[in-house]
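Structural characterization, general
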Amino acid sequence: MLSRSELKEVASIERRDGYFVSLYLNVDPMFNKKGDYIVHLKNMMKNTIDILDKNVYKKVKVDLEKVDNYILTNKRSFKKGVALLSSSKNSFWKEYHLGVPVKNELIVDKSPYVKPLMDILDNYQRYAVLLVDKEFARIFLIHLREIIEYGEVYTPDIPGKHKRGGWFALSQSHYERHINYHIGMHLKEVIEKLDSFLSGEYIGRIIIGGSDEAVSMVRGMLHKKILDKVIGTVKIEMFANSSEVLSKVEPVVLKYEKKKEDETIEKLITTAMKNKDAVIGLEDVLNSLQEKRVMKLIVAKDLKVPGFICPACGFLTTQNVSTCPYCKGKMDMVDYLISLAGEKAINQGALVEVVEDNRKLLEVGGIGAFLRF
Ligand SMILES: [Zn+2]
């Protein structure tokens, strides 16, 4: 999974005396109906080699072949985006299978190109899950439906010291004070660890899991700043495995994201109504795409519309015109206009949000976009 600390490390890699090949490829089946990413890859390869200095080409030939070969032979691992970073000279190789599509790019440079990965961290909400009980705590990170365990806190008590009726023979109230003191110490440590995790990785939202008692104790100790980031609490076994944690927490995440999505669509419609930096309806979206103005495309899932494409300049339209208004090229009929529009948006570096079950979006044609200018 992507993490800010790892990307920082990659970006500042010390052994920089060779070249790096960085490949980003949109392999999203929804926005690549014919699986034509192979064609895009071949074109990028050809264009890159054409303009590359011959001496540099000699140095990165093996890396270009390596990423090319990887794409051809690893289709089964693909999600929606692939990022490959390679420098044989530095014995360096990184591969990322991403839950979101990325703009197609092939870059040869003296350092690995990680900006698109940084952008994914910034643009897609990450969640921390804190699992806590009286002497143990675990912290997880969730991003794009994936989970990893980040760390744990274990604060064992001094054995035997508070055994009820043990040889210390503590009084009942003394015993309770001791327990509370110990839990307090533990939770303090847990909160410190959570704090440093949140600030290091810029995590915006938190879910707390554990028994009702543990959850309410830890909530009581959190600063308001952190408490404001808590979007829900869940009952989870302390030693549940990662996928169990993910499945318990997912309803909270989905509910939160649904709410955000509704707000985004509200904003899209009101902004478009004011004729500001947004458009709704397919034809306006297609024109904005042609003018490269789309910053974020919002599209209803399963929206299917046939239309026309200009193979020469990529102009898309629903209107049955025989020649392209932009380049006078001959127009072709296509089945998947929405898919092509999404692919075009991604390749212009726009974000694409696919929305399920939103009546308001469907009422305005199922598609809209926030514009850059
Ligand atoms: Zn055209």
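Basis of the calculations
Residues numbered from 1 in each chain as written. Predicted model: local features only at pLDDT ≥ 70, side-chain atom pairs only at ≥ 80, totals over all residues. Helix = DSSP H or I, 4+ residues; strand = E, 2+ residues; numbered from the N terminus. Buried ≥ 20, exposed ≤ 12 C-beta atoms within 10 Å, placed from the backbone. Contact = placed C-beta atoms within 7 Å. Pairing = 2+ DSSP bridges. Axes fitted to C-alpha atoms, helices over the stretch in contact; angles between N-to-C directions. Left-handed = near helix turned anticlockwise from the far one by under 90°. Nonpolar A, V, L, I, M, F, W, Y, C, P; charged D, E, K, R; others polar. Domains from an automatic or database assignment. Core = buried A, V, L, I, M, F, W, Y, C linked by C-beta atoms within 7 Å.

1. Some details on the overall build of the protein
Check the secondary structure of the protein and you find 11 helices and 16 strands. With the principal axes as the frame, the protein shows a C-alpha extent of 95 × 55 × 35 Å. Every one of the 373 residues in the protein was classed for burial, and the buried ones make up 30%. Put simply, of all contacts in the protein between residues at least 6 apart along the chain, 69% involve residues at least 24 apart.

2. So, the sheet that holds strand E8 (residues 205-210)
Here we have 5 strands laid out as an open sheet, ordered E7-E6-E5-E8-E9, and mixed in their pairing. The sheet terminates laterally at strand E7 (146-154) and strand E9 (230-234), the two strands that pair on one side only. The mean inter-strand angle of the sheet, taken between neighbouring strand axes irrespective of direction, is 20°. Relative to strand E6 (residues 136-143), strand E5 (residues 126-132) is paired through 7 bridges, and the arrangement is antiparallel. Bridge pairing in E6 places Ala128 opposite Leu141. Contacting E5, E8 and E9, helix H6 (residues 212-221) crosses the sheet at an angle of about 140° to E8. Those strands touched by helix H8 (residues 242-273) are E5, E6, E7, E8 and E9, and its axis lies near 135° from that of E9.

3. Some thoughts on the packing of helix H9 (residues 282-290) against helix H10 (residues 337-347)
Packing of H9 against H10 brings their axes to within 10 Å, and their N-to-C directions diverge by 35°. The handedness of the crossing between H9 and H10 is left-handed. Here Val285, Leu286 and Leu289 of H9 come into contact with H10, specifically with Ala341, Lys344 and Ala345. Residue classes in the contact of H9 with H10 are distributed as 5 nonpolar, no polar and 1 charged.

4. Points about the domain arrangement of the protein
For the protein, the assigned domains read domain 1 (4-122), domain 2 (125-257) and domain 3 (277-371). Taken over C-alpha atoms, the centre of domain 2 sits 46 Å from the centre of domain 3.

5. Examining the environment of Leu25
As for its position among the elements, Leu25 is in strand E1 (residues 20-26). Between the alpha carbons of Leu25 and Ile38 there is a distance of 9.2 Å; along the sequence they are 13 residues apart. Sequence-distant contacts of Leu25, defined by excluding residues within four places in its chain, comprise Tyr37, Leu41, Ile71, Gly81, Val82 and Asn104.

6. Regarding unusual backbone geometry
Phi is positive for Lys328, which is not a glycine, with a value near 65°. Topologically, Lys328 is positioned in the loop between strand E13 (316-317) and strand E14 (332-334). When the 10 C-beta atoms within 10 Å are taken as the criterion, Lys328 is described as exposed. Of note, Asp357 is a non-glycine position whose phi angle comes to about 50°, a positive value. Along the chain, Asp357 falls in the loop between strand E15 (351-355) and helix H11 (359-363).

7. Brief notes about the nonpolar core
General note: in soluble globular proteins, nonpolar side chains tend to be found buried as a group. Ile298 and Ala341 are the most contacted members of the largest nonpolar core, which totals 35 residues. Mapped onto this core, the elements with two or more residues apiece are H8, strand E10 (278-280), H9, strand E11 (294-300), H10, E15 and strand E16 (367-371). A per-element tally of this core places H10 first, with 6 residues. Aside from chain neighbours lying at most four places away, what touches Ile298 is Thr264, Ile265, Leu268, Glu353, Val355, Leu361, Ile367, Gly368 and Ala369. Membership of the second largest hydrophobic core comes to 26 residues, among which are Tyr127, Val132, Phe140 and Leu187.

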